[in-house]
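# Structural characterization, general
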Amino acid sequence: MAGAAPLAMTPRIATALDRVRQAHPAVRASLRILGRREIPAAVASGALDLGLIDGPATPADTPPPPEAGPLIRVTVAESPLVVALPAGHPLARRLGLRLADLADAPWLDAPDAAIPLGQLRAVSRTGGFRPSLTYEGTDVRGLLALTAAGHGLALLPHQAAKDTPGVVTVPLITPRLVHRTELLHGAALDGPARTLAAVVTGDRHRYG
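The paragraphs below set out a description of the structure included in this document. Bear in mind the structure is a predicted one, so any value in this text is a computation, not a measurement.

Each value, and the rule that gives it
Residues numbered from 1 in each chain as written. Predicted model: local features only at pLDDT ≥ 70, side-chain atom pairs only at ≥ 80, totals over all residues. Heavy atoms only, no water. Helix = DSSP H or I, 4+ residues; strand = E, 2+ residues; numbered from the N terminus. Rg over C-alpha atoms; globule rule 2.2 N^0.38 Å. Buried < 20%, exposed > 50% of the residue type's maximum accessible area, 1.4 Å probe, protein only. Core = buried A, V, L, I, M, F, W, Y, C linked by side-chain atoms within 4.5 Å. Contact = heavy atoms within 4.5 Å.

### A closer look at the overall build of the protein
- Within the protein, the secondary structure is distributed over seven helices and ten strands.
- What you see for the protein is a C-alpha radius of gyration of 18 Å, in line with the 17 Å of a compact globule of 208 residues.
- Along the first, second and third principal axes, the C-alpha atoms of the protein reach 55 × 30 × 30 Å.
- When burial is assessed residue by residue, the protein has 45% of its 208 residues classed as buried.

Here is the structure:
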């Protein structure tokens, strides 16, 4: 069984799961979408064979060690981050936005469906980023519907927010951050889980 944080579940991962299904037709795989804070503990306990977690990072960052047990952490993807704003917002026509300039804007507090506000304060090295509404859930589409309705901004990977009705996305230019997706698993990995790890990381030497 695999688990993924909402923003870690991308078309690339869906394609990888299809390749696992083809390689192991007799095995019924399962995928759970969970809050990113739940996944390390679930992998460490054996409830999940592997997990996909995500968060903001500078391109040169080395992933920190996982918080739960002796787990292996491998970067599988990095993508640009964008600020999601409602159409018609005064900043919607900007070519890029600085995070520190948005500290006093209303934000959606959605720790599992967007980049958490605490991380925005940390990477911008400033206060602010006060929530106008708290969103407890993993449905990114629901989050973007709230943004479109003017309830608050959200920081998301470009892929998650593009082509959403009523929402405009503007690239984040400062600080220089990417959205990083990482594979998390224990020391022992075999069967469909090992195949999935090989596909999503492209590392046939380690997982072949």
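### Looking at the nonpolar core
- Of all hydrophobic cores here, the largest spans 28 residues; its most connected members are Ile39, Leu50, Leu52, Leu183, Leu196, Val200 and Tyr207.
- Listed by contribution, the elements that provide at least two residues to this core are strand S1 (2-4), helix H1 (11-23), helix H2 (39-45), strand S3 (50-57), strand S4 (72-86), strand S10 (178-185) and helix H6 (191-201).
- With six residues, H6 is the single largest residue contributor to this core.
- Setting aside anything within four residues of it in sequence, one finds Tyr207 in contact with Val74, Leu183, His185, Leu189, Arg194, Ala197, Ala198 and Thr201.
- Counting residues in hydrophobic clusters, the runner-up holds 19 residues, among them Ala103, Ile115, Leu153 and Leu172.

### Structural notes on the environment of Leu143
- Mapped onto the secondary structure, Leu143 falls in helix H4 (residues 140-148).
- For Leu143, a relative accessible area of 0% puts it in the buried group.
- It is 22 Å that separates the C-alpha atoms of Leu143 and Ala122, two residues lying 21 residues apart in sequence.
- In this view, Leu143 contacts Leu108, Ala110, Ala113, Ala114, Tyr135, Ala154 and Leu156; residues no more than four positions away in its chain are not counted.

### Some points on unusual backbone geometry
- Look at the link from Thr174 to Pro175: it is a cis peptide, with omega at 0°.
- Phi is positive for Phe129, close to 55°, though the residue is something other than glycine.
- Look at Asp163: it is not a glycine, yet its phi comes out positive at around 60°.
- Take Asp163: it is sitting in the loop between helix H5 (158-161) and strand S9 (167-174).
- Given a relative accessible area of 74%, Asp163 falls into the exposed group.

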